[in-house]
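Chain by chain, the residues:
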Amino acid sequence: MQIGVRFRLVNHQVDEAVLPGESPQDFVTRMAREKAQSGLQQVPADYQPCVLGADTIVVTDASILGKPRHLEDALAMLTQLSGRQHRVLSAVTVSN
């Protein structure tokens, strides 16, 4: 609450699979939007919240790196990124 805004965290119910032919930019934008919509559905209707949904992805060679499933997966991803260029894309959506 560093800026004086009270907030509550809610877990999203979003399938984070990349759609066939979906660009990294479209994917990260869709994820932020769907996460905000999912959060909005989890609060009482009379609460009238403002919900922030966000997502960040790492892209290398036009491929989106997903979340590592375990330590070995994380180490393989870091090795893949080491010494190479990659992009980090973020998107934010506010819904009410």
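It should be noted that the structure appears before, not after, this text.
Residues numbered from 1 in each chain as written. Predicted model: local features only at pLDDT ≥ 70, side-chain atom pairs only at ≥ 80, totals over all residues. Heavy atoms only, no water.

### Section: the pattern of salt bridges
Here is step 1: Applying the stated criterion to the full structure yields seven salt bridges.
Here is step 2: Of the charged contacts in the structure, one is a salt bridge between E22 and R30, with a shortest N-O distance of 2.7 Å. R30 matches E22 in its accessibility class, with the two residues each being buried.
Here is step 3: D61 is paired through a salt bridge with R84; the nearest N and O atoms lie 2.4 Å apart. Separated by 23 residues along the polypeptide, D61 in the loop between β1 (51–60) and β2 (63–65) and R84 in the loop between α2 (71–81) and β3 (87–95) bring together distant segments of the chain.
Here is step 4: Judged by its relative accessible area of 57%, D61 falls in the exposed class.
Here is step 5: Beyond isolated ion pairs, a larger network of salt bridges with shared partners links E16, K35, D55 and K67. (Salt bridge = Lys/Arg side-chain N within 4 Å of Asp/Glu carboxyl O. Buried < 20%, exposed > 50% of the residue type's maximum accessible area, 1.4 Å probe, protein only. Helix = DSSP H or I, 4+ residues; strand = E, 2+ residues; numbered from the N terminus.)

### Some points on the nonpolar core
Here is step 1: If you look at the biggest cluster of nonpolar residues, it comprises nine residues: V14, F27, V28, M31, A32, I57, V59, L89 and A91.
Here is step 2: Where this core is concerned, the elements lending two or more residues are α1 (24–41), β1 and β3.
Here is step 3: A total of four residues in this core trace back to one element, the largest contributor, which is α1.
Here is step 4: The contact partners of V14, leaving out residues within four places of it in the chain, are M31, E34, K35 and S38. (Core = buried A, V, L, I, M, F, W, Y, C linked by side-chain atoms within 4.5 Å. Contact = heavy atoms within 4.5 Å.)

### Here's the deal with a nonpolar patch on the surface
Here is step 1: Judged by side-chain polarity, L52, V92 and V94 come together as a nonpolar surface patch covering roughly 320 Å² of accessible area.
Here is step 2: Structurally, V92 can be placed in strand β3. (Patch = residues over 30% accessible without salt bridge, like charges linked within 9 Å, V, L, I, M, F, W, Y side chains within 5 Å. Areas by Shrake-Rupley, 256 points an atom, 1.4 Å probe, with all protein chains shown as cover.)

### Comments concerning the pairing of β1
Here is step 1: Pairing of β1 with β3, which is carried by nine bridges, proceeds in the antiparallel orientation. Its bridge partner lying in β3, T56 is registered against S90.
Here is step 2: Relative to β2, β1 runs antiparallel, the two sharing three bridges. Pairing of V59 across the sheet is with I64, part of β2.
Here is step 3: Between β1 and β2, which follow one another and run antiparallel, lie two residues, and D61 among them has a positive phi close to 50 degrees. (Pairing = 2+ DSSP bridges.)

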